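Listed below are the residues making up each chain.
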Amino acid sequence: NAGVTQTPKFQVLKTGQSMTLQCAQDMNHEYMSWYRQDPGMGLRLIHYSVGAGITDQGEVPNGYNVSRSTTEDFPLRLLSAAPSQTSVYFCASSYSGNSYNSPLHFGNGTRLTVT
Amino acid sequence: KQEVTQIPAALSVPEGENLVLNCSFTDSAIYNLQWFRQDPGKGLTSLLLIQSSQREQTSGRLNASLDKSSGRSTLYIAASQPGDSATYLCAVRWEWATSGTYKYIFGTGTRLKVLA
C-alpha cells in the first residue's frame, strides 16, 4: 500500500492563479481531510469528507473548494490564490464507523508559496 | 465549539529527564485522541491513539493518558533522548451520531528540545 499520496510536493503560484492539490489513498478509508499548517498555528482543518459525495467545512474553508467523487481521491482546489494561502498543506485519512478506532494517516505534505 | 489546546508551546530539557506534555480539549464527548510527532519540515507520525473508553496507552518509553471528565490528556516521555526532539501534537476526534459525521481537531503543538 502506498498510503496517502499528495502531489505536488512543492508549488509556486502567482496571486489570482488557480490550482488543485491532489490527494489519493489506497486504504479504502471513508474519512479524508485537508489541513494547513502555519508557523505557531498547529494544523487547521480546511475541509473534510466522511465518504464519497459528502463534504463539509472545517475551521478555515474560505478560498478553498473540495469534492469527493470517489473513495480514493479528495482534491483541494484554490480558485484564486492569495498570499495568505502560502502554507504547508496536509491530507489525512482514516477509517470510520463505530467498529474502528483507526489512526489518522497523513501524506507528506505540499508546500505552497503564493507570490 | 470544539477546541484543543497544548501547553507549553515549547519545552527544553536535559537528556535523561522524564517529561510530560499536556493536551486539553473543550468538549468531553470525544471519540478518541491521538498523539503525533512531527520533525522539522516533515509530515506527521502517529505515536499513540487512546479510545474514549480507555485511560491510557503505552508504547516503549511513551505513555499517554486520558481523563475525559477534566478534558485532558498527557503524553509522558521517560528518560528523554536528543532524538526525541520534535514537535508533538495531539488531535481529538469528535463525532455526531445524529448526522453521521465526525472530524479531527489539532492542538498547536509543543516543540520539544532535549539537550545532550
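Along each chain, the written sequence defines residue order, and numbers are assigned to residues from 1. Whichever chain is written first becomes A and whichever ligand is written first becomes 1, with later ones labelled in order. Residue-level local features of this predicted model are given only where pLDDT is at least 70; pairs of side-chain atoms are given and counted only at 80 or more, and the full residue set underlies all totals for whole chains, interfaces and linings. Heavy atoms from the whole structure form the basis of all side-chain values; hydrogens and water molecules are not counted.

(A) Here's a closer look at the overall build of chain A. A count of helices and strands for chain A gives zero helices and 11 strands. Ordering the α and β elements of chain A from the N terminus gives β-β-β-β-β-β-β-β-β-β-β. For chain A, whose C-alpha radius of gyration is 14 Å, the value lies close to the compact-globule estimate of 13 Å for 115 residues. Taken along the three principal axes of its C-alpha coordinates, chain A extends 45 × 25 × 25 Å. Two residues qualify as a contact provided that any one of their heavy atoms is within 4.5 Å of a heavy atom in the partner residue. A separation threshold of at least 6 residues defines the contact pool for chain A, and within that pool the share at least 24 residues apart is 54%. Working definition of accessibility: Shrake-Rupley area with a 1.4 Å probe, residue cover restricted to the visible protein chains. Accessible surface, chain A: about 5,200 Å² in total, of which carbon and sulfur atoms supply 49%. Only four residue types enter the tally: Lys and Arg on the positive side, Asp and Glu on the negative side; His and the chain ends are excluded. A charged residue contributes its charge at one atom only: NZ of Lys, CZ of Arg, CG of Asp or CD of Glu. Of note, chain A has its 7 positive side-chain charges centred 13 Å away from the centre of its 7 negative side-chain charges. Numbering of helices and strands runs from the N terminus, with a helix taken as a DSSP run of H or I at least four residues long and a strand as a DSSP run of E at least two residues long. Only C-alpha atoms enter the radius of gyration, while the globule expectation follows 2.2 Å times N to the 0.38, with N the number of residues.

(B) Local environment of the environment of Ser 73 of chain B. Residue and element names in this part refer to chain B. With respect to the helices and strands, Ser 73 occurs in strand 8 (residues 72-77). Each C-alpha atom of the pair Ser 73 and Glu 56 lies 9.1 Å from the other, and the pair is 17 residues apart in sequence. Excluding anything up to four places from it in sequence, Ser 73 contacts Leu 21, Asn 22, Cys 23, Phe 25, Leu 33, Trp 35, Ile 50, Ser 65 and Leu 66.

(C) Representation of the confidence of the model for chain B within the structure. As a per-residue measure, pLDDT tells how confident the predictor is, with possible values from 0 to 100. With 97% of its residues at a pLDDT of at least 70, chain B reaches an overall mean of 92. Considering each helix and strand of chain B separately, the mean pLDDT is smallest for strand 10 (residues 101-106) of chain B, with a value of 86, and largest for strand 8 of chain B, with 97.

(D) Representation of the interface of chain A and chain B in the model. Facing 24 residues of chain A, the contacting portion of chain B comprises 24 residues. Counted as salt bridges are all cases of a side-chain nitrogen of Lys or Arg within 4 Å of a carboxyl oxygen of Asp or Glu. Across the chain A-chain B interface, the total number found is zero salt bridges. Polar contact criterion, stated in full: a pair of N or O atoms within 3.5 Å, where within protein one must be able to donate a hydrogen and the other to accept it, and residues adjacent in sequence count only if both atoms are side-chain atoms. Run the count over chain A and chain B and you get five residue pairs in polar contact (both at pLDDT 80 or more). Elements with a minimum of two residues in the side of chain A that touches chain B: strand 4 (31-37), strand 5 (43-51) and strand 9 (87-94) of chain A. No other element matches strand 5 of chain A, which puts four residues into the side of chain A that touches chain B. Residues that form the side of chain A that touches chain B fall into these classes: 13 nonpolar, nine polar and two charged. Gly is placed with the polar residues, together with every amino acid not listed as nonpolar (Ala, Val, Leu, Ile, Met, Phe, Trp, Tyr, Cys and Pro) or charged (Asp, Glu, Lys and Arg).

(E) Layout of the pairing of strand 3 (residues 19-25) of chain A. Residue and element names in this part refer to chain A. When a residue's accessible area, from a 1.4 Å probe over protein chains only, is under 20% of the maximum for its type it is buried; when over 50% it is exposed; and in between it is partly exposed. Going residue by residue along strand 3, you find Met 19, Leu 21, Cys 23 and Gln 25 tucked away on one face and Thr 20, Gln 22 and Ala 24 left uncovered on the opposite face. For two strands to pair, DSSP has to find at least two bridges joining them. Relative to strand 3, strand 1 (residues 4-7) runs antiparallel, the two sharing four bridges. Note that in strand 3 the partner of Thr 5 across the bridge is Ala 24. Note that strand 3 and strand 8 (residues 76-78) share three bridges and pair antiparallel.

(F) Structural detail: the sheet that holds strand 8 of chain A. Residues and elements named next belong to chain A. Here we have four strands laid out as an open sheet, ordered 1-3-8-7, and antiparallel in their pairing. Pairing within the sheet leaves two strands with one partner each, and these edge strands are strand 1 and strand 7 (64-66). Pairs of neighbouring strands in the sheet enclose a mean axial angle of 20°, with direction left out of account. Where strand 7 and strand 8 come together, three bridges link them in antiparallel fashion. Along strand 8, the bridge assignment pairs Val 66 with Leu 76. Here an axis means a line fitted to C-alpha atoms, over the contact stretch when the element is a helix, while the angle between two N-to-C directions is reported on a 0 to 180 degree scale.

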